[in-house]
Amino acid sequence: APPPRQPTPPAPPPPAAPRSTPPSAKPAPAAMPRPQTSSMPMSPISQFSPINGQTDGLGSVFKKLIRPVDKGLRGASDYFNAHVRHRTWNQFEIVFFAVTITVLDVLLVSFWRLSSGHLLVERYPHFTNSIQGAALVFAGDIVSQSFLQWRKGVQQMTLDWSRLTKAALVGVVNVGLWPYYWYKIVDAYLPNQAPLDLTVAVWMYEWALLAAKIILDGSINGVISIVSSFTLWSIMDKDSYVLWKRKLTLRFFQTFMMDWKTWPVYNVLCFTVIPLRLRPLTSGLASMMWNAYISHQSQSVAAN
């Protein structure tokens, strides 16, 4: 008789899943490919835009609106780096450049009228005075750099644009904003104009007020302007406290005496000899030359 059949052993249970992965876990999705980014540098507008990278809705509209401005800024930056930053200037070109900036600045401040009939400086005094101060100190520092190289016998030079940028920032505060408030205070307490066709008593009174304004301007505004100019230059140049103190020690009294030799004489000439229509231009040129002197006084100490 055949042998009895052996029972089939049961199948082994499937291996248990690892304890770190629960049975109900789904497989991880495949990694999405990263979007390709452009190697071109971002412009200032697109870099700081709060909606940079959006391509729909308001972001798309905003990017379409700023695209021409963005393109213009890139073009201006490329042109400046290619043709201006490393350009070699002769002495005549530098002086002509500085005078042109000053004249354009005077035209902007003194003669540009809006459609309402108001002067630009009357409608937007803070903005206009800031632009004026930056332009005058910028032009003055151009003359200062040129004069320093001329004394060394150098006839052609490249401009220090980092120093010119600092000069413009100093001009915004020291020449644009501070004098605006200073002269408002002075005119509030000593309102006067140059006396013309007046009696002797009124003539003497008006000239006494003018003399008082000149004295106040030289003794108070002159000191504040000189100290603040040296201080702002030191902040921009990251000078130490010792170097800032050395600048004031070596240059303050000399600059203060030059202030008294220059501005009182010019103010008298401005109200007596110079025609009214030419006073904005002459005042702009005088301010440009004075800021060239201030820049030279501050930077000469740092250079030595």
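Preceding block: the structure.
Calculation rules
- Once a new chain begins, its residue numbering starts again from 1 and follows that chain's sequence as written.
- Only residues with pLDDT of 70 or above have their local features reported here, since the model is predicted, and side-chain atom pairs are shown and tallied only from 80 upward, although totals for entire chains, interfaces and linings are computed over all residues.
- Here the side-chain values reflect all heavy atoms present in the structure, with hydrogen atoms and water set aside.
- In this description a helix means any DSSP run of H or I spanning at least four residues, a strand means any run of E spanning at least two, and both kinds are numbered starting from the N terminus.
- Exposure categories follow from relative accessible area, calculated using a 1.4 Å probe and restricted to protein chains: below 20% of the type maximum is buried, above 50% is exposed, and the middle band is partly exposed.
- Areas reported as accessible are Shrake-Rupley estimates using a 1.4 Å probe. Residue values count occlusion only from the protein chains shown.
- Residues belong to a common nonpolar core when they are buried Ala, Val, Leu, Ile, Met, Phe, Trp, Tyr or Cys residues joined through side-chain atoms within 4.5 Å.
- The contact criterion used is simple: two residues touch if any of their non-hydrogen atoms lie within 4.5 Å.
- Every angle, taken between N-to-C directions, lies between 0 and 180 degrees, and every axis is a line fitted to C-alpha atoms, over only the stretch in contact when it is a helix.
- Oblique is the label for every angle not falling under 35 degrees (roughly parallel), over 145 degrees (roughly antiparallel), or within 65 to 115 degrees (roughly perpendicular).
- A crossing counts as left-handed when the near helix is turned anticlockwise from the far one by less than a right angle, and as right-handed when that turn is clockwise.
- When residue character is reported, Ala, Val, Leu, Ile, Met, Phe, Trp, Tyr, Cys and Pro are called nonpolar, Asp, Glu, Lys and Arg charged, and the others, Gly included, polar.

1. As for the overall build of the chain
- When its secondary structure is counted, the chain shows nine helices and two strands.
- Starting at the N terminus and walking to the C terminus, you meet the elements of the chain as α-α-β-α-α-α-β-α-α-α-α.
- Looking at the 304 residues of the chain, the share that counts as buried comes to 35%.
- Entry remark: accessible area of the chain is about 20600 Å², with carbon and sulfur atoms responsible for 67%.

2. Quick notes on the nonpolar core
- In this structure, Ile 94, Ile 101, Phe 138, Ile 142, Leu 159, Trp 161 and Leu 164 are the most contacted members of the largest nonpolar core, which totals 25 residues.
- It is helix 5 (residues 125-151) that contributes the most residues to this core, eight residues altogether.
- Those residues in contact with Ile 142 that sit more than four places away from it in its chain are Ile 94, Phe 97, Ala 98, Ile 101, Leu 159 and Leu 164.
- Of all hydrophobic cores here, the second largest spans seven residues; its members include Tyr 266, Ile 274, Tyr 293 and Ile 294.

3. Digging into the packing of helix 3 (residues 91-111) against helix 5
- Axis separation between helix 3 and helix 5 bottoms out at 9 Å; the angle between their running directions is 165°. Judged by the angle between their axes, helix 3 and helix 5 are roughly antiparallel. In the crossing of helix 3 with helix 5, the sense of the turn from one axis to the other is left-handed. In contact with Gln 91, Ile 94, Phe 97, Ala 98, Ile 101, Thr 102, Asp 105, Leu 108 and Val 109 of helix 3, helix 5 contributes Thr 128, Ile 131, Gln 132, Ala 135, Leu 136, Phe 138, Ala 139, Ile 142, Val 143, Ser 146, Gln 149 and Trp 150.
- Partitioned by chemical class, the residues of the contact of helix 3 with helix 5 number 14 nonpolar, six polar and one charged.

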